[in-house]
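Reading the structure
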Amino acid sequence: MAESLTNPKPKGISPDAKTLHQILSAAASPDGLAAALSATGIPPTPDLVQEVLRLSYSNNPTAAIEFFRWAGLTNKHSALSWNLMVDLLGNNSMFEPMWDAIRSMRNEGVLSVPTFISVFGSYCSAGRVKEAIMSFEVMERYGVPPDVAAMNALLSAIYGKGGSTTLAVEFFEKTKVKISPDGDTFLILLEGCEREGNVAKAKTTFGEMVVRLGWSKENILAYSSLLMTLVRGKELEEAIKFLLVMKGKNCLPGLKFFYNALDVLLKQNDSTHAIALWDIMMDSGIMPNLMIYNTIIGILCNAGDADKAFRFLDEMVFYGVFADSFTYNMIFQCLVKHKKVHEAGQFFIEMIKNECPPTPSNCAAAIAMCFEGDDPEMAIEIWSYMIENSLSPVDESANALLIGLCNLHRFSEYRRFAEDMLDRRVKIHESTMEKLKNARYKDGRSARDTYDNLLKRWKAS
């Protein structure tokens with residue numbers, strides 16, 4: 001039933017359902033609707049009623065009510081049809097008719113916990129959390145004893161619809177006296193703490209969970225939620241302690257947790273705790289993939305620790321993981337940013353050998369760095385690679401090359417490269433030309449003439 005309610009529209013629509021739904025959609029008022037439906041000669045079987053109701057969630061709920069009444073004159077409605085009707089009314093905030101339907105269901109003897117679960121979701125979606133809680137409290141009066149599934153559904157609806165965490169906690173504290181929470185209960189509560197970033201509440205909730213339920217692999221999702229709350233709250237030492245305990249209890253979360261945690265540490269620029277988490281993961285026999293390798297390498301590169309990044313790059317292959325262009329470019333960017341001229345040059349050669357080309361932005365930064373680090377030949381090699389392999393855009397790299405040559409007074413090469421760039425319609429910045437002008441106008445008439453000829457070509461391009 002839950003699947004039907006959360007997926008109102010079926011994949012394929014039968015001709016009879018389409019015909020009846022078109023009549024409902026076109027109805028301006030309920031008057032004459034029953035006669036129009038009867039005129040089709042289509043018998044309203046239970047399956048057909050359910051199909052039409054699923055199609056009627058978003059348009060003309062009043063007509064859907066009349067259709068439901070009409071169909072009920074021919075056949076007694078199934079429990080699923082009643083539940084769909086309650087769900088449809090709740091989704092359209094028609095709460096008085098919804099309760100009329102619930103009372104009819106009680107009289108028919110088809111009222112159940114799933115009916116109330118639908119009610120909880122409808123009220124919470126409408127921002128009426130207190131009414132959702134009141135609905136839970138009156139279940140017994142309608143002959144439906146509330147159970148842990150109902151409690152969990154209400155908690156999930158409150159948290160899932162952005163409701164008041166305070167109301168959810170108050171409801172749980174009051175209800176757990178009568179209904180024993182299970183693993184799903186604590187998962188919902190811990191995920192609520194995670195969304196809210198409430199570290200203190202997450203710890204106490206987790207403690208209660210362990211006292212009540214002990215340790216179980218079935219609750220690993222709840223454990224992961226606690227850990228993520230701690231990681232996001234920058235309580236990494238606590239997270240590591242909990243992880244080691246979980247490892248000892250054979251309840252360690254899987255690769256997904258470690259990836260998510262490392263992704264948070266990437267944003268927090270915390271390489272120290274990232275390595276600690278990585279070591280726990282590897283010691284536990286969890287096999288890494290390319291995504292998580294790229295994350296840990298990204299963390300190390302952000303921290304400027306190229307040596308450790310190289311270590312991870314080298315070990316990847318032993319786990320059947322092969323670096324991609326993103327991996328190489330993170331490390332290359334790190335080397336360039338920290339002006340590791342020799343290492344960056346060697347790494348550039350390795351990149352192109354492994355068919356993982358640098359990005360245009362990394363090329364531009366590398367060319368500028370090479371000139372600053374007294375390795376103009378590598379700068380020229382990078383530029384030549386870009387041209388030979390049609391790596392684009394090249395504008396920033398082109399200007400970095402020209403400025404570097406100008407600073408070294410290698411004017412003949414400047415002119416040769418600049419003319420080639422203009423032939424290729426590469427954009428040379430005005431500031432780049434101005435820099436050459438300032439240098440050449442100091443070197444006499446011949447130098448000025450050379451610059452002026454280049455300037456004419458630049459203006460005409």
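My aim in this report is to walk through the structure given alongside it, one point at a time. (Residues numbered from 1 in each chain as written. Predicted model: local features only at pLDDT ≥ 70, side-chain atom pairs only at ≥ 80, totals over all residues. Heavy atoms only, no water.)

1. Some thoughts on the overall build of the protein
In terms of helices and strands, the protein carries 27 helices and zero strands. The C-alpha atoms of the protein give a radius of gyration of 34 Å, which is well past the 23 Å a tight globule of 461 residues would have. Referenced to the eigenvectors of the C-alpha coordinate spread, the extents of the protein come out at roughly 105 × 60 × 35 Å. Looking at the protein as a whole, 48% of its 461 residues are labelled buried. (Helix = DSSP H or I, 4+ residues; strand = E, 2+ residues; numbered from the N terminus. Rg over C-alpha atoms; globule rule 2.2 N^0.38 Å. Buried < 20%, exposed > 50% of the residue type's maximum accessible area, 1.4 Å probe, protein only.)

2. Let's talk about the packing of helix H14 (residues 220-232) against helix H16 (residues 255-268)
The contact between H14 and H16 brings their axes to 10 Å, and the two run at 10°. Judged by the angle between their axes, H14 and H16 are roughly parallel. Here Ser 224, Leu 227, Met 228, Val 231 and Arg 232 of H14 lie close against H16, whose contacting residues are Phe 257, Asn 260, Ala 261, Val 264, Leu 265 and Gln 268. Across the contact of H14 with H16, the residue classes tally to seven nonpolar, three polar and one charged. (Axes fitted to C-alpha atoms, helices over the stretch in contact; angles between N-to-C directions. Parallel < 35°, antiparallel > 145°, perpendicular 65-115°, else oblique. Contact = heavy atoms within 4.5 Å. Nonpolar A, V, L, I, M, F, W, Y, C, P; charged D, E, K, R; others polar.)

3. Overview of helix H25 (residues 411-423)
With 13 residues, H25 extends 18 Å between its outermost C-alpha atoms, agreeing within 8% with the 18 Å of an ideal straight helix rising 1.5 Å per residue. Taken together, the buried positions of H25 are occupied by Phe 411, Glu 413, Tyr 414, Phe 417, Ala 418, Met 421 and Leu 422. Projected onto a plane normal to the axis of H25, the buried residues spread over an arc of 160° and lie on a single side. Among the exposed residues of H25, those pointing more than 90 degrees away from its buried face are Ser 412 and Asp 423. On the buried face of H25, the contacting elements are helix H23 (376-388), helix H24 (395-407), helix H26 (430-440) and helix H27 (445-460). (Expected span 1.5 Å × (residues − 1). Arc of directions from axis to C-beta.)

4. A look at empty space enclosed by the protein
According to the stated counting rule, one finds one cavity of 30 Å³ or more in the structure shown. Approximately 40 Å³ is the volume attributed to the largest cavity. Along the walls of the largest cavity sit Pro 44, Pro 46, Val 49, Ala 71, Asn 75, Lys 76, His 77, Ser 78 and Ser 81, which together make up its complete lining. In terms of residue class, the lining of the largest cavity is built from four nonpolar, four polar and one charged. (1 Å grid on protein atoms, 1.4 Å probe; cavity = no way out; pocket = protein on both sides within 12 Å on 5 of 7 lines; lining within 4 Å. Points joined across faces, edges and corners; volume = space filled by probe spheres on them.)

5. A closer look at unusual backbone geometry
Phi is mostly negative for residues that are not glycine, and the peptide bonds are mostly trans. In this model, Ser 392 is joined to Pro 393 through a cis peptide bond whose omega is 5°. Position of Pro 393 among the secondary structure elements: in the loop between H23 and H24. Phi is positive for Arg 425, close to 60°, though the residue is something other than glycine. Mapped onto the elements, Arg 425 comes out in the loop between H25 and H26. Given a relative accessible area of 76%, Arg 425 falls into the exposed group.

6. Focus on the side chain of Lys 176
Here Lys 176 is to be found in the loop between helix H11 (165-175) and helix H12 (183-196). Here Lys 176 falls in the buried class, since its relative accessible area comes to 16%. At a separation of 3.0 Å, a polar atom in the side chain of Lys 176 contacts the side chain of Glu 208. Those residues in contact with Lys 176 that sit more than four places away from it in its chain are Pro 181, Glu 208 and Arg 212. (Polar contact = N/O pair within 3.5 Å; in protein donor to acceptor, adjacent residues only side chain to side chain.)

7. What about H26?
Within H26, the full set of buried residues consists of Thr 432, Met 433, Leu 436, Ala 439 and Arg 440. The buried residues of H26 occupy an angular sector of 120° when projected down its axis, which confines them to one face. Exposed side of H26, more than 90 degrees from the buried face: Glu 430 and Ser 431 are the residues found there. Taken together, the buried residues of H26 touch H24, H25 and H27.

8. Brief notes about the state of the cysteines
What makes a disulfide is a covalent bond joining the sulfur atoms belonging to two cysteines. All told, the structure shown has zero disulfides when counted by the stated rule. For the unlinked cysteine Cys 124, the closest cysteine sulfur is that of Cys 193, found at 17 Å. Using a relative accessible area of 3% as the deciding quantity, one classes Cys 124 as buried. Of all cysteine sulfurs, the one in Cys 193 lies closest to Cys 251, which takes part in no disulfide; the gap is 20 Å. A relative accessible area of 2% places Cys 251 in the buried class. (Disulfide = S-S within 2.5 Å.)

9. Side note on the side chain of Thr 295
Within the secondary structure, Thr 295 is located in helix H18 (residues 290-302). Of the residues examined, Thr 295 reaches a relative accessible area of 6% and is grouped as buried. A polar contact is formed between the side chain of Thr 295 and the backbone oxygen of Met 291, at a distance of 2.9 Å. In contact with Thr 295, other than residues within four places in its own chain, are Tyr 259, Leu 262, Asp 263 and Leu 266.

10. Remarks on the environment of Tyr 451
Positionally, Tyr 451 belongs in helix H27. For the pair Tyr 451 and Arg 415, spaced 36 residues apart in the sequence, the C-alpha separation amounts to 8.4 Å. Other than its neighbours up to four places away in sequence, Tyr 451 contacts Met 433, Leu 436, Lys 437, Arg 440 and Tyr 441. Within the structure, the side chain of Tyr 451 is placed 3.4 Å from the backbone oxygen of Met 433, a separation counted as a polar contact.

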